[in-house]
Amino acid sequence: MKLRQPFLPVLILTLASTFVDAQDAAALTGPSRKPAVTTDALERLISRNKLLAHAEQFFSFAQLSNGNRAFGSEGHEATIHYIKRLLDRTGYYDVEFQTFTYPYAEARSQLTVDGKDLFTSAFTYSPGGDVTAPLAVVSNVGCQASDYPTLTGKIALIRRGDCDFGLKVAFAGGAGASGAIIYNNLDPAPSGGTLAQPSRPEGPYVPSAYITKADGEAFISRIDAGEEVIGSIHATAINEERSTSNVIATTKLGDRENIIVAGAHSDSVPAGPGLNDDGSGSMGILEVALNLAKFKVKNAVRFIWWTAEEFGLVGSEYYVEHLSDEERQKIALYLNFDMIASPNAGYFVFDGDGNATNIPGPAGSEVIETLYRGYFDSHNIRTGSAVFGGSSDYQPFVDVGIPSGGLMTGAGGLKTAEGAEWWGGEAGVAYDRCYHQLCDNIENLFVDVWERNSKAIAYSIATYAQGIEGIPRTPRPPTRTLRVSKLSYEQRLHLTCDHEDDAA
């Protein structure tokens, strides 16, 4: 798809200027007049009010694209242009877009029964369409053509398990079904799935829906009792090539042989505005970057807003893969901030030494872990351990041996009793009940936690901007292939679906 000219509404231009007020004028002064950055000075400048002002903007951008900021959408384009304009206004950074194309696939589905909209997820590669028909139960788990009776004029009701979603939907289409419903075989609500390939020889794909175990079993009970259950599926689908960009901002000051890189992803899932995932990280590093512009640094600092993380770490993998070995050597360390304001939050620090998770980061990652744990200890906040499990943008840096670390507050996993004792909130409830959903809006942000984590980011950036004691700077062996590069499109698409890098 050829995108139209970048969306730059007057609203962005006007609001961008409000962030360069009298208080921020120091950011525009010459380097010789700036004081050296200190942890206390930078941390003090982080304001919850300015974080929330950014949040209002991010949410408004999502409204340009049916409530989301998915990569390449109008809402995402507005987001990255907003970030770049604010950084350009400081005059402190060399700011650029790193632009490329990548396939985009989006599916939405809604099942209605008895006039009631049910919780429904969708499958990528499922066709769009509207179907209203009686539900018919498929035998076993629907992995054999013989499990499907003649289904002309019916919607197949199929249990999840044992084989691909796509095979089940194709078998349903081959048996004449007008649509297909797959219900989960586990209690949690499904977060989406994929039919894995554009088509199959077993039969044509039909509009489909993915529902909870409870709803599926309730329908079977009614059908077994002799009742006719009528369902309506409304499905939409988009499959296209999109142009998209990382935003890269590097300080003009500082040693570019020892670059400190901090990153967060600027895109959301298609299902919602992504104010916590990962607006919180994007806005956190943005506010730190805007305030760092008031200081001198010894080491260059590079802030990067990754695109298409939700489609499999696409932006970060593209960036690292396109660095020469020489440029990779210049990066001293990488800090990642993905979801730092979860409403039922925990405070998780990436387990650099691997003592808690048995998956250490590259040498030097333990130094970053120690810095963050020391920071939170100084504020009487206990920390859990996040694992380098491969589901966020640290992974390409880990793959090439760059010391890595960062913070997160939890996604769809359930808070433990110990976590509730440490941090408050509700045990047995997801850290973010709106994870990858439409309700990931401003009200979903735990502002106290968000502000504290943003101050922790400021602390770490100020520390490493002035020195990298303990971080190895010996040459790293060249790496030709990144882990994520070996994955198929569909494997990448679901790499970040669980996002469970947290472990209390």
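Residues numbered from 1 in each chain as written. Predicted model: local features only at pLDDT ≥ 70, side-chain atom pairs only at ≥ 80, totals over all residues. Heavy atoms only, no water.

A. Representation of the overall build of the protein within the structure. Within the protein, the regular secondary structure consists of 14 helices and 16 strands. Whereas a compact globule of 504 residues would reach a radius of gyration of roughly 23 Å, the protein reaches 24 Å, a difference of no more than 12%. In terms of overall dimensions, the protein has C-alpha extents of about 80 × 50 × 45 Å along its principal axes. In the protein, which comprises 504 residues, the proportion classed as buried is 59%. Carbon and sulfur atoms make up 50% of the accessible area of the protein, which amounts to about 18,900 Å² in all. Between the mean site of the 41 positive side-chain charges and the mean site of the 61 negative ones, the protein shows a separation of 7 Å. (Helix = DSSP H or I, 4+ residues; strand = E, 2+ residues; numbered from the N terminus. Rg over C-alpha atoms; globule rule 2.2 N^0.38 Å. Buried < 20%, exposed > 50% of the residue type's maximum accessible area, 1.4 Å probe, protein only. Areas by Shrake-Rupley, 256 points an atom, 1.4 Å probe, with all protein chains shown as cover. Lys, Arg positive; Asp, Glu negative; His and termini not counted. Charge placed at Lys NZ, Arg CZ, Asp CG, Glu CD.)

B. Looking closely at the side chain of S392. On the secondary structure map, S392 appears in the loop between β14 (384-386) and α11 (395-399). Within the structure, the side chain of S392 is placed 2.7 Å from the side chain of D338, a separation counted as a polar contact. (Polar contact = N/O pair within 3.5 Å; in protein donor to acceptor, adjacent residues only side chain to side chain.)

C. Main features of the pattern of salt bridges. Scanning the model with the defined rule gives 14 salt bridges in all. In this structure, R48 engages E451 in a salt bridge whose closest nitrogen and oxygen atoms are separated by 3.1 Å. With R48 in helix α3 (residues 48-62) and E451 in helix α13 (residues 447-466), this residue pair connects regions lying 403 residues apart in the sequence. Of the residues examined, R48 reaches a relative accessible area of 29% and is grouped as partly exposed. In this structure E451 comes out as buried when scored by relative accessible area, which is 16%. The partner of R256 in a salt bridge is D94, and the shortest N-O contact between them spans 2.8 Å. Here D94 lies in strand β1 (residues 93-113) and R256 lies in strand β10 (residues 255-265), a separation of 162 residues in the sequence. The partly exposed category is assigned to R256, whose relative accessible area is 33%. (Salt bridge = Lys/Arg side-chain N within 4 Å of Asp/Glu carboxyl O.)

D. Molecular detail of helix α8 (residues 314-321). Buried residues dominate α8, accounting for six of its eight residues. Inspection of α8 places V314, G315, S316, E317, Y319 and V320 among the buried residues, and these make up the whole buried set.

E. Up close: the packing of aromatic side chains. As enumerated under the stated definition, the model contains 29 aromatic pairs in all. Ring geometry for F71 against F311: centres 5.0 Å apart, planes inclined by 85 degrees, an arrangement best described as edge-to-face. Of this pair, F71 sits in the loop between α3 and α4 (74-90) while F311 sits in the loop between β11 (299-306) and α8; the two residues are 240 residues apart in sequence, bridging distant segments of the chain. For the pair formed by F71 and F311, the shared burial category is buried. (Phe/Tyr/Trp six-rings, centres within 6.5 Å; stacked < 30°, edge-to-face > 60°.)

F. Quick peek at the confidence of the model for the protein. Mean pLDDT over the protein works out to 92, with 91% of the residues at or above the 70 mark. Here helix α1 (residues 10-18) is the element of the protein with the lowest mean pLDDT, 44, and β11 is the one with the highest, 99. Segment residues 1-20 is flagged for pLDDT under 50; beyond a separation of four residues in sequence, or across chains, it makes 33 contacts in the model. (pLDDT = per-residue confidence, 0-100. Contact = heavy atoms within 4.5 Å.)

G. View of the packing of helix α10 (residues 365-378) against α13. Here α10 crosses α13 at 130 degrees, and the two axes come no closer than 10 Å. Relative to α13, α10 is oriented oblique. The handedness of the crossing between α10 and α13 comes out as right-handed. Two secondary-structure elements touch here, α10 through V367, I368, L371, Y372, Y375 and F376 and α13 through R452, N453, K455, A456, Y459, S460, T463 and Y464. Residues belonging to the contact of α10 with α13 are distributed by class as follows: nine nonpolar, three polar and two charged. (Axes fitted to C-alpha atoms, helices over the stretch in contact; angles between N-to-C directions. Parallel < 35°, antiparallel > 145°, perpendicular 65-115°, else oblique. Left-handed = near helix turned anticlockwise from the far one by under 90°. Nonpolar A, V, L, I, M, F, W, Y, C, P; charged D, E, K, R; others polar.)

H. Region of interest: the state of the cysteines. Taken as a whole, this structure holds two disulfides when the rule is applied. The disulfide that involves C143 links it to C163, with 2.1 Å between the sulfurs. Its torsion about the S-S bond being -95 degrees, the disulfide of C143 and C163 is classed as left-handed. Separated by 20 residues along the polypeptide, C143 in the loop between β4 (129-137) and β5 (155-159) and C163 in the loop between β5 and α5 (165-174) bring together distant segments of the chain. The partly exposed category is assigned to C163, whose relative accessible area is 22%. (Disulfide = S-S within 2.5 Å.)

I. Structural view of the environment of Y459. Tracing the sequence through the fold places Y459 in helix α13. Once the C-alpha coordinates of Y459 and A237 are considered, the two residues, 222 residues apart in sequence, prove to be 44 Å apart. Discounting residues that sit within four places of it in the chain, Y459 has contacts with T39, E43, L371 and Y375.

J. Quick peek at the pairing of strand β12 (residues 331-337). Counting buried positions along β12 gives seven out of seven residues, so the element sits mostly inside the fold. Of the strand pairs in this sheet, β10 and β12 are connected by five bridges, and their pairing is parallel. Note that in β12 the partner of V261 across the bridge is Y334. Looking at chain direction, β12 and strand β15 (residues 404-408) are connected through four bridges and run parallel. The partner of F337 across the bridge, within β15, is L407. (Pairing = 2+ DSSP bridges.)

K. View of the side chain of K168. Positionally, K168 belongs in helix α5. Buried within the structure, K168 lacks any salt-bridge partner; D162 is the closest side chain of opposite charge, at an N-O distance of 6.9 Å. Among the polar contacts listed, one links the side chain of K168 to the backbone oxygen of V141, at a separation of 2.3 Å. The contact partners of K168, leaving out residues within four places of it in the chain, are V141, G142, C143, Y148, I158, R159, R160, G161, C163 and I182.

L. Examining the nonpolar core more closely. Residues L87, Y93, L292, F303, W305 and I461 are the most contacted members of the largest nonpolar core, which totals 89 residues. For this core, the element with the highest residue contribution is α13, accounting for nine residues. Once residues lying within four places of it in the same chain are set aside, the contact partners of L292 are V37, L42, Y92, Y93, T251, V297, V301, F303 and I461. The next biggest cluster of nonpolar side chains, apart from the first, holds 21 residues, and it includes A156, L167, A175 and I182. (Core = buried A, V, L, I, M, F, W, Y, C linked by side-chain atoms within 4.5 Å.)

M. Representation of the packing of α3 against α4 in the model. Packing of α3 against α4 leaves a shortest axis separation of 8 Å and a crossing angle of 150 degrees. When α3 is examined against α4, the residues H54, Q57, F58 and F61 are found in contact with a partner set consisting of G75, A78, T79, Y82, I83 and L86. Here the contact of α3 with α4 is built from residues that sort into six nonpolar, four polar and no charged.

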